[in-house]
Amino acid sequence: MEDAVETLRVLNPDVWVFVSAAAIYDVSLNPEQPLEETSGVRPVDPETKESYSQQNEFGNNMMASEEVLKESGIPYVVLRCGDLIGPRDTTYRWWQYQIWSEHFDIIGAGFPVRKDYEHLPFSMTFGRGRGTGCRQRH
C-alpha cells in the first residue's frame with residue numbers, strides 16, 4: 001500500500017476509491033451486530049492486537065492497507081465488500097449458499113451460523129455492480 005500511496009501523491013486524485021473487505025471486522029474489536037463503519041477498530045493492547053491479527057491474515061492485510069491510506073492524507077473512500085459474488089467469482093460461494101439453503105435437509109447440515117446471529121439479515125455484494133457509481137473525473 002505504501003507504493004500505491006506514493007503513486008497517488010504523484011497523480012493527485014480528487015478522491016481514491018479503495019475496495020477493501022468486510023474481513024477487517026475479523027481483526028477488529030468484537031463489534032456488535034449489525035456491523036457499522038465505526039466497528040472497524042483494532043484493539044489498542046499490543047498482545048490483543050497481535051492475537052486478533054493472526055485470526056485472519058487477509059483481514060489483517062486489508063486493515064493495514066486502510067490504516068496506511070488513512071495516515072496518508074490522500075482523500076479516499078473505502079468500500080468494504082462482504083461475500084463478493086459475480087461473474088469472476090471463482091469460489092462458487094453463491095452456489096454453495098444456494099445448495100445449502102435449498103437442500104439442507106438432504107445434505108444433513110445447514111449453514112454453520114452462531115445462535116446469536118440467526119436473526120441477522122444476510123447480505124452479499126454483486127461484483128459487476130460495485131464500481132458503477134465511480135466515474136473518472138476530468
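Residues numbered from 1 in each chain as written. Predicted model: local features only at pLDDT ≥ 70, side-chain atom pairs only at ≥ 80, totals over all residues. Heavy atoms only, no water.

## Section: the environment of Asp 26
Within the fold, Asp 26 resides in the loop between β1 (16-21) and α2 (46-53). Side chain to side chain, Asp 26 and Asn 56 meet in a polar contact 2.7 Å long. (Helix = DSSP H or I, 4+ residues; strand = E, 2+ residues; numbered from the N terminus. Polar contact = N/O pair within 3.5 Å; in protein donor to acceptor, adjacent residues only side chain to side chain.)

## Considering helix α3 (residues 57-72)
Taking 1.5 Å of rise per residue, 16 residues should cover 22 Å, and α3 covers 23 Å from first to last C-alpha, within 8% of that figure. What α3 keeps buried is the set Gly 59, Asn 60, Met 62, Met 63, Ser 65, Glu 66, Leu 69 and Ser 72. For α3, the secondary structure elements touched by its buried residues are α1 (2-11), β1, α2 and β2 (76-81). For α3, the capping residue at the N-terminal end is Asn 56, with a side-chain oxygen 3.1 Å from the backbone nitrogen of Phe 58. Two residues or fewer past α3, Gly 73 is found with a positive phi of approximately 85°. (Expected span 1.5 Å × (residues − 1). Buried < 20%, exposed > 50% of the residue type's maximum accessible area, 1.4 Å probe, protein only. Contact = heavy atoms within 4.5 Å.)

## A few points about the nonpolar core
One finds Phe 18, Ala 21, Ala 23, Ile 24, Tyr 25, Val 27, Met 62, Met 63, Leu 69 and Val 78 forming the largest nonpolar core, which totals 10 residues. Elements that contribute at least two residues to this core include exactly β1 and α3. Ignoring sequence-local partners within four residues, the contact set of Met 62 consists of Phe 18, Val 19, Ser 20, Ala 21 and Ile 24. (Core = buried A, V, L, I, M, F, W, Y, C linked by side-chain atoms within 4.5 Å.)

## Examining a nonpolar patch on the surface
On the surface, Tyr 92, Trp 94, Trp 95, Ile 99 and Ile 107 cluster together into a nonpolar patch covering about 570 Å² of accessible area. Among the secondary structure elements, Ile 99 is positioned in helix α4 (residues 93-107). (Patch = residues over 30% accessible without salt bridge, like charges linked within 9 Å, V, L, I, M, F, W, Y side chains within 5 Å. Areas by Shrake-Rupley, 256 points an atom, 1.4 Å probe, with all protein chains shown as cover. Salt bridge = Lys/Arg side-chain N within 4 Å of Asp/Glu carboxyl O.)

## Some thoughts on the side chain of Ser 20
The topology assignment puts Ser 20 in strand β1. Taking relative accessible area as the criterion, Ser 20 reaches 6% and is therefore assigned buried. A polar side-chain atom of Ser 20 sits 2.6 Å from a polar atom in the side chain of Glu 66.

## Side note on the confidence of the model for the protein
Per-residue pLDDT for the protein averages 78, and the proportion of residues at 70 or more is 75%. Per-element averaging of pLDDT across the protein places strand β4 (residues 125-126) at the bottom with 64 and α3 at the top with 93. For the stretch residues 132-138, pLDDT sits under 50, and the model shows two contacts to residues farther than four places along the chain or on other chains. (pLDDT = per-residue confidence, 0-100.)

## A closer look at the environment of Ser 51
Residue placement: Ser 51 occurs in helix α2. Classification of Ser 51 by relative accessible area gives partly exposed; the value is 38%. Taking the C-alpha atoms as reference, Ser 51 lies 8.6 Å from Val 27; in sequence the two are 24 residues apart.

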